[in-house]
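Structural description and commentary
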Amino acid sequence: MAFNPNNYKAPEAKKLPVILLLDVSGSMSGAKIDSLYDATIDMIETFVTAQAKEQIIDVAIITFGDKVELHTRYTHVKDLQAKGISKFKASGMTPMGTALRMAKDMIDDKQETPSRIYRPAVVLVSDGAPNDDWKGAMNKFITDGRSAKCQRFAVAIGNDADRDVLEKFTQDPNTVLFAEDSRDIAEQFKTISMSVSTRATSQNPNSVPTPTNIPKFDNNTANDTDDDDDLY
C-alpha cells in the first residue's frame, strides 16, 4: 500500500462538557442576576486556568425564566473567555422542568453531545421553586439514558430556594450548595469550578461519585462498543 502521510492523524483531545442550568426568573433580578453572571465569568476563567492539555472543557448555558433558552451552545472555555457571554436578564417564572427537558434532549442528541467525551457536569441553580411539571422531567433526567450518567451539582440561592427539589436532582445533599445571598454565589461557583477542574486534570476524568440509585456504568471507555451506552 502506498505511503500516505495524511493517514497519520494525532488523536483528538477528549472533551469534558459543563452544562449550566440557570434560574433567571423575576425573583433573580437586581444583585442576584448580576452576581450570577459574574460568577459564571469567574467559573470560565477558572476552567481556562486549570484546563489540562489532554482535555478540552466546553461550557453550555441554559437559562429558564420568562422563557427557556439555550443561551450558549457548547463552546470551548478559551473561546468564551475571548468573546465573552451575553448578560442574563431576569424575568418570568421558574420553568425548571422545561429546562431539564431541554438539557436532557441536548445530552441525548449525539450530534450535539458526541459520544467520545468524559461524562458532563451539570449545575442547576435556582432561588425558588419550580412552577411547571418538573417531577417527570427530573426523574427522566436522573434515571434514563445518557443524562443519568452526568455528574450533578446544585446551588440554592436564598431561603426561598426549594432545597428538597435540588437534592432530588443531585441525589446527594453534599452536592447541593447554599448561597445565602448574592454575595455567596461566587463562592459556591468557585467550589464547583475547582471540583470540575480537579476532574479535568486527574488521571481518570471519568471518575466521579455515583449515587446508588442511578444506573452504574463502566468508567473504562477504551473497549466500549455499545452505541446506545457509549457516552463517557
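The structure this text deals with has already been given above.
Notes on the structure in this doc start here. (Residues numbered from 1 in each chain as written. Predicted model: local features only at pLDDT ≥ 70, side-chain atom pairs only at ≥ 80, totals over all residues. Heavy atoms only, no water.)

Under the 1.5 Å per step criterion, the end-to-end length of helix H6 (residues 182-201) is 30 Å for 20 residues, consistent within 8% with the ideal 28 Å. Among the residues of H6, those classed as buried are Ser 182, Ile 185, Gln 188, Phe 189, Ile 192, Ser 193, Val 196, Ser 197, Arg 199 and Ala 200. In the core, the buried residues of H6 are packed alongside strand S1 (14-23), helix H1 (31-50), strand S2 (55-64), strand S4 (121-126), strand S5 (151-157) and strand S6 (176-179). (Helix = DSSP H or I, 4+ residues; strand = E, 2+ residues; numbered from the N terminus. Expected span 1.5 Å × (residues − 1). Buried < 20%, exposed > 50% of the residue type's maximum accessible area, 1.4 Å probe, protein only. Contact = heavy atoms within 4.5 Å.)

In this section: the pattern of salt bridges. The full count for this structure, using the stated rule, is eight salt bridges. Between Arg 183 and Asp 181 there is a salt bridge, and its shortest N-O distance comes to 2.8 Å. According to the relative accessible area criterion, Arg 183 is exposed, its value standing at 67%. The partner of Lys 190 in a salt bridge is Glu 187, with the nearest N and O atoms 3.5 Å apart. Remark: Glu 187 and Lys 190 occur in helix H6; sequence separation between them is three residues, near one turn of the helix. (Salt bridge = Lys/Arg side-chain N within 4 Å of Asp/Glu carboxyl O.)

This part is about the packing of H1 against H6. It is at 9 Å that the axes of H1 and H6 come closest, and there the two elements cross at 20 degrees. As far as their axial angle goes, H6 and H1 are roughly parallel. The way H1 lies across H6 gives a crossing that is right-handed. Residues Ala 31, Lys 32, Ser 35, Leu 36, Ala 39, Thr 40, Met 43, Thr 46, Phe 47 and Ala 50 of H1 pack against Ser 182, Ile 185, Ala 186, Phe 189, Ile 192, Ser 193, Met 194, Val 196, Ser 197 and Thr 201 of H6. When the residues that make up the contact of H1 with H6 are grouped by side-chain class, the tally is 12 nonpolar, seven polar and one charged. (Axes fitted to C-alpha atoms, helices over the stretch in contact; angles between N-to-C directions. Parallel < 35°, antiparallel > 145°, perpendicular 65-115°, else oblique. Left-handed = near helix turned anticlockwise from the far one by under 90°. Nonpolar A, V, L, I, M, F, W, Y, C, P; charged D, E, K, R; others polar.)

One can describe the packing of helix H3 (residues 96-108) onto helix H4 (residues 135-143) by two numbers: an axis separation of 8 Å at closest approach and a directional angle of 30 degrees. As the angle between them shows, H3 and H4 are arranged roughly parallel. In this structure, H3 meets H4 at a crossing whose hand is left-handed. Together, Met 96, Gly 97, Leu 100, Arg 101, Ala 103, Lys 104 and Ile 107 of H3 and Ala 137, Met 138, Lys 140 and Phe 141 of H4 make up the contact between the two elements. Its residues assigned to classes, the contact of H3 with H4 shows seven nonpolar, one polar and three charged.

Bringing the packing of aromatic side chains into the picture now. Throughout the structure, instances matching the rule amount to three aromatic pairs. Summarising the aromatic geometry, the rings of Tyr 37 and Phe 88 are spaced 5.5 Å apart at their centres and angled 80 degrees between planes, so their arrangement reads as edge-to-face. Linking Tyr 37 in helix H1 with Phe 88 in the loop between helix H2 (77-83) and H3, this pair joins segments that are 51 residues apart in sequence. Phe 88 carries the same exposure label as Tyr 37, and that label is buried. Each ring, one from Phe 141 and one from Phe 169, has its centre 5.6 Å from the other, and the planes form 45 degrees; the classification is tilted. One end of the pair, Phe 141, is in helix H4; the other, Phe 169, is in helix H5 (residues 163-170), and 28 residues separate them in sequence. For Phe 141, a relative accessible area of 0% corresponds to the buried category. Taking NZ or CZ as reference, Lys 14 lies 4.3 Å from the ring centre of Tyr 118, over its face. (Phe/Tyr/Trp six-rings, centres within 6.5 Å; stacked < 30°, edge-to-face > 60°. Lys NZ or Arg CZ within 6 Å of the ring centre and 35° of its normal.)

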